[in-house]
Amino acid sequence: MPSYTFTLNGQSVTVDAPAGLGLLYVLRDILGVTGPKYGCGVGVCRACTSHLDGQAFTPCTTAVSAVAGRQVTTIEGLANGSTLHPVQQAWVDNDVAQCGFCQPGQIMAAAALINTTPHPTDADIDGIQNVCRCGTYSRIRQAIKQVTGS
Amino acid sequence: MGRSVYTGTGRTAEEIMMDEIAAALHRDPVQFRLDTLKEEKAKACLRWVRDTGSWGRSMVAGTAQGVAVNTEHRSAVACLVEIDLRGTEPRVTKAVLAFDAGIPMNPSGLEQQMLGGLNDGISATSRAGLVRPAWRPRPAPSPTRTRGPPTPTRATSRSTTKGARPCLPTRSPSTGSR
């Protein structure tokens, strides 16, 4: 079985896995990193949203072979030590989560948006397509606006 | 108004009928409900949204107000919304909700439930539904892809051969066979 090395939350990891195995299953089932949630498995619900070289992506539709040598960040690696990422802090401040299942993906999507667009418009925020069955969209928007001061 | 199995569909239909009955009787929809409701907390919620939401204010053509009330699980909720039909699709432009669930253990969570219920109601009424995209041959396997469609162009590809794909907001009509 081929072996792949990539950086996960700042640490180099090497896994033996079939080339076509989805990164989500490598993260969850082999490495025990369960922040990225399994929802649809086909890149639609985006509950597994994480960062690949700083950009949002869905590990469920990305093969492990495609991330060799690259930087993968999951929700577990977003905070700076014990200091929450500003997006995480805003989520706490605004009590955004309801059931919480989609929230790691929502936070990672919001953090990626703010990285590329420091002052997102409502339309930019609408560009986040992560699905939330609880309908927390109102407070997601509120939390993003708290971070960006808009 | 709610997102339980029954409330989202059955109560919505019943409240539409209440409006139809009120119209047939030439009665104001809010006053008709106040006169027929039995539970005081439901009436209180309805009076609150009536007053706070300025029920009956003059509206420009193509916009309108509507109300609904529900009692469930010993709680009551009333909702007044304003809708704008002038664009390419209806938009809810304002919503006023009142609810009485007794003493909330988690007020923020209760507010979240109402916001989520409101979002769900707007979504279910105006956007949601099962739309199954037209079947296309599955794309050739790619070494860098696993189980999903190659791009998020949801209307053009399917990744599995069983079941309808989850519906996301799309206005394209269903062209697939069910």
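Predicted, not measured: the structure shown is a model, and the values here were computed from it.

(A) Local environment of the overall build of chain A. Looking only at helices and strands, one finds 5 helices and 5 strands in chain A. Counting from the amino terminus, chain A carries its helices and strands in the arrangement β-β-α-β-β-β-α-α-α-α. A compact globule built from 150 residues should have a C-alpha radius of gyration of about 15 Å, and chain A, at 15 Å, falls within 12% of that. Once the C-alpha set of chain A is aligned to its principal axes, its extents read approximately 50 × 30 × 25 Å. Among the 150 residues that make up chain A, the fraction classed as buried is 49%.

(B) Fine view of the overall build of chain B. Along its length, chain B carries 4 helices and 3 strands. Taken over 178 residues, chain B has a buried fraction of 22%. Once local pairs closer than 6 in sequence are excluded, the contacts in chain B between residues at least 24 apart make up 49%.

(C) Main features of the domain arrangement of chain A. Residue and element names in this part refer to chain A. Taken as a whole, chain A is organised into domain 1 (3-77) and domain 2 (86-148). Each of domain 1 and domain 2 was reduced to a C-alpha centroid, and the two centroids are 21 Å apart. Contacts between the two partners involve 14 residues from domain 1 and, on the opposite side, 12 residues from domain 2. Secondary structure elements with two or more residues in the side of domain 1 that touches domain 2: strand S3 (50-52) and strand S4 (55-57).

(D) Just unusual backbone geometry, in detail. Phi at Asp95(A) is positive, roughly 55°, even though this residue is not glycine. Within the secondary structure, Asp95(A) sits in the loop between helix H2 (86-93) and helix H3 (103-116). With 17 C-beta atoms counted inside 10 Å, the residue Asp95(A) sits in the partly exposed group. The backbone phi angle of His26(B) is positive, close to 55°, even though this residue is not glycine.

(E) Expanded view of the environment of Ser50(A). Residue and element names in this part refer to chain A. Assignment of secondary structure puts Ser50 in strand S3. Spatially, the C-alpha atom of Ser50 lies 13 Å from that of Thr7, the residues being 43 residues apart in sequence. Excluding anything up to four places from it in sequence, Ser50 contacts Pro36, Phe57, Pro59, Val72, Thr73, Thr74 and Met108.

(F) Structural detail: the pairing of strand S2 (residues 11-16) of chain A. Residues and elements named next belong to chain A. Within S2, only 0 of the 6 residues are buried, which leaves it mostly out in the open. Where strand S1 (residues 3-8) and S2 come together, 6 bridges link them in antiparallel fashion. Looking at S2, one finds that Leu8 is bridged to Gln11. Between the antiparallel neighbours S1 and S2 lie 2 residues, among them Asn9 with a positive phi of about 50°.

(G) Molecular detail of the confidence of the model for chain B. Considering every residue of chain B, the mean pLDDT works out to 79; 70% of them sit at 70 or more. Low pLDDT, under 50, characterises residues 152-178 of chain B; the predicted model gives this stretch 43 contacts beyond four residues in sequence or across chains.

(H) Spatial organisation of the packing of H2(A) against helix H5 (residues 137-148) of chain A. All names here are of chain A. Two numbers describe how H2 lies on H5: the axes approach to 9 Å, and their chain directions differ by 130°. Between H2 and H5, the crossing angle belongs to the class labelled oblique. By crossing handedness, the relation of H2 to H5 is classed as right-handed. The segment H2 lies against H5, with Pro86, Val87, Ala90, Trp91 and Asp93 engaging Ala143, Gln146 and Val147. Here the residues of the contact of H2 with H5 sort into 6 nonpolar, 1 polar and 1 charged.

(I) Up close: helix H4 (residues 107-126) of chain B. The end-to-end C-alpha distance of H4(B), which contains 20 residues, comes to 28 Å, matching closely the 28 Å that a straight helix rising 1.5 Å per residue would cover. For H4(B), the set of buried residues is Gln112(B), Met114(B), Gly116(B), Gly117(B), Leu118(B) and Gly121(B). Elements in contact with the buried residues of H4(B): H5 of chain A together with strand S3 (91-100) of chain B.

(J) Spatial organisation of the sheet that holds strand S2 (residues 75-84) of chain B. Residues and elements named next belong to chain B. If you trace the 3 strands from one edge of the open sheet to the other, you get S1-S2-S3, paired in antiparallel fashion. The open sheet is flanked by strand S1 (63-72) and S3, the only strands paired with a single partner. Along the sheet, successive strands turn relative to each other by an average axial angle of 15°, direction set aside. Across 9 bridges, the pairing between S2 and S3 is antiparallel. Residue pairing in the sheet places Glu82 in a bridge with Lys94 of S3.

(K) Spotlight on helix H2 (residues 29-36) of chain B. Among all positions in H2(B), only Pro29(B), Val30(B) and Arg33(B) are buried. Burial along H2(B) is one-sided: seen end-on, the buried residues are contained in an arc of 100°.

(L) Spotlight on the packing of H2(B) against helix H3 (residues 40-52) of chain B. All names here are of chain B. Between H2 and H3, the shortest axis-to-axis distance is 10 Å and the interhelical angle comes to 165°. Our classification of the angle between H2 and H3 gives roughly antiparallel. The crossing of H2 and H3 is left-handed. Where H2 approaches H3, its residues Val30, Arg33 and Leu34 are matched on the opposing element by Lys43, Leu46 and Arg50. Per-class residue counts for the contact of H2 with H3 are 3 nonpolar, no polar and 3 charged.

Calculation notes
- Residues numbered from 1 in each chain as written.
- Chains lettered and ligands numbered in written order.
- Predicted model: local features only at pLDDT ≥ 70, side-chain atom pairs only at ≥ 80, totals over all residues.
- Helix = DSSP H or I, 4+ residues; strand = E, 2+ residues; numbered from the N terminus.
- Rg over C-alpha atoms; globule rule 2.2 N^0.38 Å.
- Buried ≥ 20, exposed ≤ 12 C-beta atoms within 10 Å, placed from the backbone.
- Contact = placed C-beta atoms within 7 Å.
- Domains from an automatic or database assignment.
- Pairing = 2+ DSSP bridges.
- pLDDT = per-residue confidence, 0-100.
- Axes fitted to C-alpha atoms, helices over the stretch in contact; angles between N-to-C directions.
- Parallel < 35°, antiparallel > 145°, perpendicular 65-115°, else oblique.
- Left-handed = near helix turned anticlockwise from the far one by under 90°.
- Nonpolar A, V, L, I, M, F, W, Y, C, P; charged D, E, K, R; others polar.
- Expected span 1.5 Å × (residues − 1).
- Arc of directions from axis to C-beta.

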